[in-house]
Amino acid sequence: MAIREILIEPNRVLRQVSKPVDKVTKDEQSLMDDMLETMYSANGIGLAAIQIGVPKRIIVMDISKNDQKKTPIYFVNPVIKNKNKEFSTYEEGCLSVPNQFAEVDRPATCEIEYLDYYGKHKIIKANGLLATCIQHEMDHLEGILFIDYLSKLKKSIIVKKLSKQKKSSETLVI
Ligand code: GNR
Ligand code: NI
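Residues numbered from 1 in each chain as written. Chains lettered and ligands numbered in written order. Predicted model: local features only at pLDDT ≥ 70, side-chain atom pairs only at ≥ 80, totals over all residues. Heavy atoms only, no water.

Side note on the overall build of the protein
Okay, step 1: Summing up its helical and strand segments, the protein has 3 helices and 7 strands in all.
Okay, step 2: Going from the N terminus to the C terminus, the protein shows its helices and strands as α-β-β-β-β-β-β-β-α-α.
Okay, step 3: Along the three orthogonal principal directions, the C-alpha set of the protein runs to about 50 × 40 × 35 Å.
Okay, step 4: Counting over 174 residues, the protein shows a buried share of 42%.
Okay, step 5: A separation threshold of at least 6 residues defines the contact pool for the protein, and within that pool the share at least 24 residues apart is 64%.
Okay, step 6: On the protein, roughly 10,300 Å² of surface is accessible, and the fraction owed to carbon and sulfur atoms is 53%.
Okay, step 7: Charge-centre separation for the protein: the mean point of 26 positive side chains lies 4 Å from the mean point of 23 negative side chains. (Helix = DSSP H or I, 4+ residues; strand = E, 2+ residues; numbered from the N terminus. Buried < 20%, exposed > 50% of the residue type's maximum accessible area, 1.4 Å probe, protein only. Contact = heavy atoms within 4.5 Å. Areas by Shrake-Rupley, 256 points an atom, 1.4 Å probe, with all protein chains shown as cover. Lys, Arg positive; Asp, Glu negative; His and termini not counted. Charge placed at Lys NZ, Arg CZ, Asp CG, Glu CD.)

Regarding the pairing of strand β5 (residues 97-107)
Okay, step 1: Examined bridge by bridge, strand β4 (residues 87-94) and β5 share 7 bridges and lie antiparallel to one another. From the neighbouring strand, E92 faces β5, where its bridge partner is A102.
Okay, step 2: Here β4 folds back onto β5 in antiparallel fashion, the turn holding 2 residues. (Pairing = 2+ DSSP bridges.)

Looking at the coordination of the nickel ion (ligand 2)
Okay, step 1: Protein ligation of the nickel ion (ligand 2) involves C94 (SG), H136 (NE2) and H140 (NE2), the donor distances falling in the range 2.1 to 2.3 Å.
Okay, step 2: Read in sequence order, the donor residues for the nickel ion (ligand 2) give the motif C-x41-H-x3-H. Taken together, the residues H136 and H140, both in helix α2 (residues 128-141) and 4 residues apart, mark about one turn of the helix. For the pair formed by H136 and H140, the shared burial category is buried. (Donors = N, O, S within 2.8 Å, 3.2 Å for Na, K, Ca; no water.)

A few points about the site of ligand 1
Okay, step 1: As a matter of local geometry, ligand 1 sits amid G44, I45, G46, Q51, E91, E92, G93, C94, L95, H136, E137 and H140.
Okay, step 2: One of the backbone N or O atoms of G46 is found 3.1 Å from a nitrogen atom in ligand 1.
Okay, step 3: With respect to ligand 1, the side chain of E137 contributes an N or O atom lying 2.6 Å from a nitrogen atom.
Okay, step 4: In isolation ligand 1 has 390 Å² of accessible area, and contact with the protein removes 90% of it.
Okay, step 5: Within the shell around ligand 1, the residues separate by chemical class into 3 nonpolar, 6 polar and 3 charged. (Near = heavy atom within 4 Å. Polar contact = N/O pair within 3.5 Å; in protein donor to acceptor, adjacent residues only side chain to side chain. Nonpolar A, V, L, I, M, F, W, Y, C, P; charged D, E, K, R; others polar.)

Re the pairing of strand β3 (residues 73-81)
Okay, step 1: Two elements, strand β2 (residues 58-61) and β3, share 4 bridges in a ladder whose sense is antiparallel. Of the residues in β3, the one forming a bridge with I58 is V76.
Okay, step 2: One ladder, built from 4 bridges, connects β3 with strand β6 (residues 110-115); its direction is antiparallel. Bridge pairing in β6 places V76 opposite L115.

Dropping the structure here:
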C-alpha cells in the first residue's frame, strides 16, 4: 500500500474521461488499496482513480463517521440508474479543489450497478450523503468537477485561488 499524490485543479488530467476496466485483477486491487489509503490520509470520503492520475473507472468511498467502524466501498465500472427526479442540496468539497466548498443540487436518490473489489456484480440503492458522493465521484470519471456546476463568476474565483496556491507552493525561497 502507498499514499499517492492527489492532482489539484487546474490540471488537464482531471478532465480526461476514464476507461472501463476489463477485469478486476491484482493490479486493480492494489490500485484500490492505494486509493483507499490516499483517501483516508487526506480525510476524504471518496476518491476516483483519475484524482491520482489513473484514468480507470474505479472509485473508493467510505462515508462512515469518524467514531464508527471503517466501511470502505469499492466501485469498478459503476453505472448510475433510476435517478430520483427530486434533488437534494449538499455543501460539496473535493480533494482536487482543496479548501473550497459550495452547494450543489443532485438527484436525491439513485441506484448504482458496479463490480466490487473481487469483480463481483452488485447493485445498491443510495440516498443522502452516499447518493451525493457517488454522483460526485461518477462525475470525476467523465472529467467533471463540482465547480463546473457553479456560476462562471464563482468558478473563476475558485480556479484563480487554486492557481495562486499552486504558484506559491511551487516557489522555493532559498
Ligand atoms: O471528501 C469529500 N467530501 C465530499 C463532501 C461532499 C460531497 C462530495 C464529497 S467527495 C470529497 C472527496 C473527493 O474529492 N472525491 O472525489
Ligand atoms: Ni472530488
